[in-house]
Amino acid sequence: MNTSPINLASAFALYDMDSYDWAEGATSQSSEKKVLAQARTGSIILMHDIQEDTAEGIAQLLQKLRDRGFTLVTIPELTGEYPRPGAIYYSRTNILRMRGFLGRRSNCVMV
């Protein structure tokens, strides 16, 4: 059974910025520093709510991002479209689209 996103007709939201909150020794402060240093319009940021420090520090980080003029949005708001089958969303401008999904050979197109 082939379970690729193409055959499942699924869309995936990935990320273009890693907070490294999963790394050994990571703290809410170290993750916050990485995010604030790298944050840019259109990014999708990887964070894990299962990390205790992330869960404890997220409200403060989100407020700091808002204070810098960032707006938190959903994937459809970010991309201007409902997630499409076969698409992989890394950021607002980095979307990998799979053509010919549902079992046919695929061609990948970056837009």
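For the structure, see preceding data.
Note that the coordinates shown come from a computational prediction; the quantities given were computed from them, not determined experimentally.

With respect to the pattern of salt bridges
Applying the stated criterion to the full structure yields four salt bridges. D16 serves as the salt-bridge partner of R40, at 3.0 Å between the closest nitrogen and oxygen. Here the residue R40 occupies a position in the loop between α2 (28-38) and β3 (45-46), and D16 occupies one in the loop between β1 (12-13) and β2 (17-18), the gap between them amounting to 24 residues. E81 serves as the salt-bridge partner of R97, at 3.0 Å between the closest nitrogen and oxygen. Highlighted residues: R97 in strand β5 (residues 95-99) and E81 in the loop between α4 (75-79) and β4 (87-89), separated in sequence by 16 residues.

Focus on the layout of surface pockets
Gaps left between atoms show up when a probe the size of a water molecule is rolled over them. Considering only enclosed or pocket space, the largest pocket measures out at about 600 Å³ in volume. The wall of the largest pocket is formed by 24 residues, among which S43, I45, T71, L72 and V73 lie closest to the centre. Looking at the lining of the largest pocket, the elements with two or more residues in it are α3 (52-67) and α4. Here the element with the most residues in the lining of the largest pocket is α3; it accounts for five residues. Of the residues assigned to the lining of the largest pocket, the class counts are 13 nonpolar, eight polar and three charged.

A look at empty space enclosed by the protein
Tallied over the entire structure, the rule returns one cavity of 30 Å³ or more. Counted as a void, the largest cavity has a volume near 50 Å³. Forming the walls of the largest cavity are S28, S31, E32, M47, D53, T54, G57, I58 and L61. Sorting the residues of the lining of the largest cavity by element identifies α2 and α3 as the ones contributing at least two each. In terms of residue count, the dominant contributor to the lining of the largest cavity is α3 (five residues). Looking at the lining of the largest cavity residue by residue, the classes come out as three nonpolar, four polar and two charged.

Definitions and limits used
Residues numbered from 1 in each chain as written. Predicted model: local features only at pLDDT ≥ 70, side-chain atom pairs only at ≥ 80, totals over all residues. Heavy atoms only, no water. Salt bridge = Lys/Arg side-chain N within 4 Å of Asp/Glu carboxyl O. Helix = DSSP H or I, 4+ residues; strand = E, 2+ residues; numbered from the N terminus. 1 Å grid on protein atoms, 1.4 Å probe; cavity = no way out; pocket = protein on both sides within 12 Å on 5 of 7 lines; lining within 4 Å. Points joined across faces, edges and corners; volume = space filled by probe spheres on them. Nonpolar A, V, L, I, M, F, W, Y, C, P; charged D, E, K, R; others polar.

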